[in-house]
Amino acid sequence: MESVKEILHRYNLRGTSARVAILNTIISSEAPLSESDIKKRIHEVDRVTFYRSIKNLLETNIIQGIITQGKIIKYAFCTENKNNETSVQFYCTECQRMTDVEIKAQLPVVPQGYTEKTCSITITGICKTCNKSIQK
Ligand SMILES: [Zn+2]
């Protein structure tokens, strides 16, 4: 598997210690993490550097922000991030797992004059496993 530094290099980002620490934390977590979750796991990264690093990672689509219930943004690593490919993921609000969703329906089309770089859509809800345990 690619190292965090290699991933950053692939997106033309320097492997600064803050970016490496943040990305490592996000990748090693099974569930998406909120800002405070990430901050709890990394140390010695000041506020400004933290937000700048998050912004860089979001802009390059290495990570994605998911708005969860309670309007908290959680960050997750974008798996198989190939440019010009649309990825749709399902975020379960119960177990916080992300599942890839098969694309069958029509996709949003960007207006004329706009250049689409990547498109990632996250659907939030409750997964099959959690639905079963709720119904019991
Ligand atoms: Zn679930």
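For the structure, see preceding data.
Figured I'd write up the structure that's included with this text. (Residues numbered from 1 in each chain as written. Predicted model: local features only at pLDDT ≥ 70, side-chain atom pairs only at ≥ 80, totals over all residues. Heavy atoms only, no water.)

1. Here we look at the overall build of the protein chain
- Each helix and strand in the protein chain was counted, giving five helices and six strands.
- Traced from its N-terminal end to its C-terminal end, the protein chain shows the element sequence α-α-β-α-α-β-β-β-β-β-α.
- The principal-axis extent of the C-alpha atoms belonging to the protein chain is close to 45 × 45 × 30 Å.
- Going through the 136 residues of the protein chain one by one, you find that 33% of them count as buried.
- In the protein chain, of all internal contacts separated by at least 6 residues, the share reaching a separation of at least 24 is 53%.
- Accessible surface for the protein chain amounts to roughly 9,400 Å². Of this, 50% is attributable to carbon and sulfur atoms.
- Charged side chains of the protein chain number 19 positive and 14 negative; the gap between the two group centres comes to 4 Å. (Helix = DSSP H or I, 4+ residues; strand = E, 2+ residues; numbered from the N terminus. Buried < 20%, exposed > 50% of the residue type's maximum accessible area, 1.4 Å probe, protein only. Contact = heavy atoms within 4.5 Å. Areas by Shrake-Rupley, 256 points an atom, 1.4 Å probe, with all protein chains shown as cover. Lys, Arg positive; Asp, Glu negative; His and termini not counted. Charge placed at Lys NZ, Arg CZ, Asp CG, Glu CD.)

2. Structural notes on the pattern of salt bridges
- Counted by the stated rule, this structure contains three salt bridges.
- Note that E30 is salt-bridged to R97, the shortest N-O span being 3.3 Å. Here E30 is found in the loop between helix 2 (17-28) and strand 1 (33-34), whereas its partner R97 is found in the loop between strand 4 (86-92) and strand 5 (98-100), with 67 residues between them in sequence. (Salt bridge = Lys/Arg side-chain N within 4 Å of Asp/Glu carboxyl O.)

3. A short note on helix 2
- In a regular helix each residue adds 1.5 Å, so twelve residues correspond to 16 Å; helix 2 covers 16 Å between its end C-alpha atoms and thus fits that length.
- Here helix 2 has its buried residues at A18, R19, V20, I22, L23, T25 and I26.
- Close packing links the buried residues of helix 2 with helix 1 (4-10), strand 1, helix 3 (35-41), helix 4 (47-59), strand 2 (63-67) and strand 3 (73-77). (Expected span 1.5 Å × (residues − 1).)

4. Notes on the coordination of the zinc ion
- Coordination of the zinc ion by the protein comes from C92 (SG), C95 (SG), C127 (SG) and C130 (SG), over a distance range of 2.3 Å.
- For the zinc ion, the four donor atoms are set out with angles of 107 to 113° between them, so the coordination reads as tetrahedral.
- In the primary sequence, the donor residues of the zinc ion line up as C-x2-C-x31-C-x2-C.
- For C127, a relative accessible area of 15% puts it in the buried group. (Donors = N, O, S within 2.8 Å, 3.2 Å for Na, K, Ca; no water. Tetrahedral: all angles 85-135°; square planar, octahedral: opposite > 155°, others 65-115°.)

5. Quick word on the packing of aromatic side chains
- Scanning the entire structure with this criterion turns up one aromatic pair.
- Taken together, a centroid distance of 5.4 Å and an interplanar angle of 90° make the contact between F50 and Y51 edge-to-face.
- When the ring centre of F50 is taken as reference, the NZ or CZ atom of K39 above it lies at 5.1 Å. (Phe/Tyr/Trp six-rings, centres within 6.5 Å; stacked < 30°, edge-to-face > 60°. Lys NZ or Arg CZ within 6 Å of the ring centre and 35° of its normal.)

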